[in-house]
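These are the residues of each chain, in order.
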Amino acid sequence: MTLSPAQWSAVFDYLEGVLLQDAPKAAASARILAAPGQVASTIATVADELIPALLNQAFQINDTMSEAERRTAEGTMADDRGVQASVLIQMALRAWVDDNPTDTEAQDLALVLLGWLQVMAGAPPGDHQQALLMLGAARHISRGGTP
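**Q** Go over the pattern of salt bridges with me, naming the residues and quoting the values.
**A** Here the idea is simple: oppositely charged side chains can pair when their charged atoms come close. Inspection of the entire model under this criterion finds six salt bridges. Note that arginine 70 is salt-bridged to glutamate 74, the shortest N-O span being 3.1 Å. One end of the pair, arginine 70, and the other, glutamate 74, are both in helix α4 (residues 67–79), four residues apart, so they sit about a helical turn from each other. Using a relative accessible area of 34% as the deciding quantity, one classes glutamate 74 as partly exposed.

So this is what it looks like as structure tokens:
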């Protein structure tokens, strides 16, 4: 599933709404993001696209690398425990979606993704500012921007 630019924008608005406990913002964004009953599935799809993109950024993997450089960087990334945990988070979100969560329960999936972003930012628990900065960076990357 490829998201439209409007859906990507709604994803980040939805995540911000969930993070800041702004129910009206989260609800309005969810209506743009996906059809009723599909919000959780869309959040999992976002995680499937966003987590690898941000990991590639963190490990400075890009299309301009030689094949040997890319293999080395990917090997380093594969051995990293944080990356391994990230893969487990992706798998858990996808398995959770298989249980058909409601749109209200989709906020729990969003909180897991936000927690992962917070850890990636190196922020302590409850530091919403760092999570918001990571959301801003992710929004930029999703629009085709360079890290």
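On we go from here.
**Q** Can you lay out a nonpolar patch on the surface for me, pointing to particular residues and giving the numbers?
**A** A cluster of nonpolar side chains, contributed by Val87, Leu88 and Met91, occupies part of the molecular surface with about 290 Å² of accessible area. Mapped onto the elements, valine 87 comes out in helix α5 (residues 81–98).

**Q** For the packing of helix α1 (residues 5–19) against helix α3 (residues 39–58), give the residues involved together with the corresponding values.
**A** Where α1 meets α3, the closest approach of the two axes is 11 Å, and the angle between their N-to-C directions is 100 degrees. Considering their axes alone, α1 and α3 lie roughly perpendicular with respect to each other. Within the contact between the two elements, α1 uses Trp8, Val11, Phe12 and Tyr14 and α3 uses Val39, Ile43, Val46, Glu49 and Leu50. Taken together, the residues of the contact of α1 with α3 break down into eight nonpolar, no polar and one charged.

**Q** Describe in detail the environment of isoleucine 89, supporting the description with residues and values.
**A** The topology assignment puts isoleucine 89 in helix α5. The partly exposed category is assigned to isoleucine 89, whose relative accessible area is 24%. Spatially, the C-alpha atoms of isoleucine 89 and serine 41 are 14 Å apart, while their sequence positions differ by 48 residues.

**Q** Give me the lowdown on the nonpolar core, citing residues and values where you can.
**A** Counting residues in hydrophobic clusters, the biggest one holds 41 residues, and the most contacted among them are Tyr14, Leu15, Leu33, Val39, Leu54 and Leu113. Contributions of two or more residues to this core are made by α1, α2 (23–33), α3, α4, α5, α6 (106–120) and α7 (128–142). The greatest single-element share of this core, amounting to 10 residues, is contributed by α3. In this view, leucine 113 contacts Leu15, Ile43, Val46, Ala47 and Ile51; residues no more than four positions away in its chain are not counted.

What counts and what doesn't
Residues numbered from 1 in each chain as written. Predicted model: local features only at pLDDT ≥ 70, side-chain atom pairs only at ≥ 80, totals over all residues. Heavy atoms only, no water. Salt bridge = Lys/Arg side-chain N within 4 Å of Asp/Glu carboxyl O. Helix = DSSP H or I, 4+ residues; strand = E, 2+ residues; numbered from the N terminus. Buried < 20%, exposed > 50% of the residue type's maximum accessible area, 1.4 Å probe, protein only. Patch = residues over 30% accessible without salt bridge, like charges linked within 9 Å, V, L, I, M, F, W, Y side chains within 5 Å. Areas by Shrake-Rupley, 256 points an atom, 1.4 Å probe, with all protein chains shown as cover. Axes fitted to C-alpha atoms, helices over the stretch in contact; angles between N-to-C directions. Parallel < 35°, antiparallel > 145°, perpendicular 65-115°, else oblique. Contact = heavy atoms within 4.5 Å. Nonpolar A, V, L, I, M, F, W, Y, C, P; charged D, E, K, R; others polar. Core = buried A, V, L, I, M, F, W, Y, C linked by side-chain atoms within 4.5 Å.

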